[in-house]
Amino acid sequence: MPKYLNNKYFFINQEIPLQSSQNPSIKYIYPSHLGIVFIGKISTSILTKLDFYINKIFNSFFYEILFIGECEIPSDLYESEIRKEHNLLKQTSKEVILQPTNKLYNIIRNLMKKHNFNIGLGLTDLPIYSSSDKSLLFLFGESNINDRCAIVSTHNLIPQLNEESGYNLKFSSRIIKEVIHEIGHIIISLEHCLTTDCVMRFSQNLEEIDNKSANLCEKCQSKLNEVRRKNNF
Ligand SMILES: [Zn+2]
Ligand SMILES: [Zn+2]
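Residues numbered from 1 in each chain as written. Chains lettered and ligands numbered in written order. Predicted model: local features only at pLDDT ≥ 70, side-chain atom pairs only at ≥ 80, totals over all residues. Heavy atoms only, no water.

*Asks:* Which residues make up the coordination of the zinc ion (ligand 1), and what values go with them?
*Replies:* The zinc ion (ligand 1) binds to the protein through His181 (NE2), His185 (NE2) and His192 (NE2), with metal-donor distances spanning 2.0 Å. Read in sequence order, the donor residues coordinating the zinc ion (ligand 1) give the pattern H-x3-H-x6-H. With a relative accessible area of 4%, His185 lands in the buried category. (Donors = N, O, S within 2.8 Å, 3.2 Å for Na, K, Ca; no water. Buried < 20%, exposed > 50% of the residue type's maximum accessible area, 1.4 Å probe, protein only.)

*Asks:* Summarise the pairing of strand E7 (residues 141-144); cite the residues concerned and give the values.
*Replies:* Burial of the side chains of E7 extends over both faces: Gly141 and Ser143 are buried on one face and Glu142 and Asn144 on the other. With four bridges joining them, E7 and strand E8 (residues 149-153) adopt antiparallel strand pairing. Bridge pairing in E8 places Ser143 opposite Ala150. Where E7 folds back on E8, the antiparallel hairpin that results is connected by four residues, among which Arg148 adopts a positive phi of roughly 50 degrees. (Helix = DSSP H or I, 4+ residues; strand = E, 2+ residues; numbered from the N terminus. Pairing = 2+ DSSP bridges.)

*Asks:* I'd like to hear about unusual backbone geometry, residue by residue, with values.
*Replies:* In the segment running from Tyr30 into Pro31, the intervening peptide bond is cis, with an omega of -5 degrees. Looking at the element boundaries, Pro31 is found in the segment before strand E1 (32-39). Positive phi, close to 65 degrees, is recorded for Asn116, a residue that is not glycine. Judged by relative accessible area, Asn116 falls into the exposed class, the value being 64%. One non-glycine residue, Phe138, lies in positive phi territory at about 50 degrees. Checked against the element boundaries, Phe138 lands in the loop between strand E6 (128-129) and E7. Given the relative accessible area of 13%, Phe138 is considered buried.

What follows is the structure in structure tokens.
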């Protein structure tokens, strides 16, 4: 669908660190309004935790964090630009359908416009691949800096069934870390942090997500404080 082959948007994915001078996020837009959108089937029980952690880490950056809706990809758009791939992480022989991040950003952007939110976060249970780099499959998340929205896919964050102890805790903790990470890209920097347990560290696999904390390290915290200072609050 040509509607989604929209090259005027500049997409940044997790894998490409850019110079901080290229960071467009330092503008006078904070404090801001954050809207959360579910695309697919996500349990709303995660919302209270997300609200708590987003407020804790990005303290006073958001006037409000609102859940602005649940939706599905419209059936006439479902097939467009999909990819069918084997999920190597889950080691199943069955191919799964991956949706391009552009398609999800479009849905989030439309809802942001409708509800007047300047930052949008989408959560989906669908597997996703990057529209800006088609070799990036089964992404945990991606940010679209120019449009100030991000998407986190829970598909590959689900713990294995044999990880019985703390299944829910582990699952929600991974979602929280990825959400904080993507919002961090929008607010602080496109760069990844090298500090071991910093939430802005790039995670290539679940183990790396589990090994980092949901918090910003001192260096990233000072970047956040700098954005706060530049926005005069
Ligand atoms: Zn990242
Ligand atoms: Zn850091």
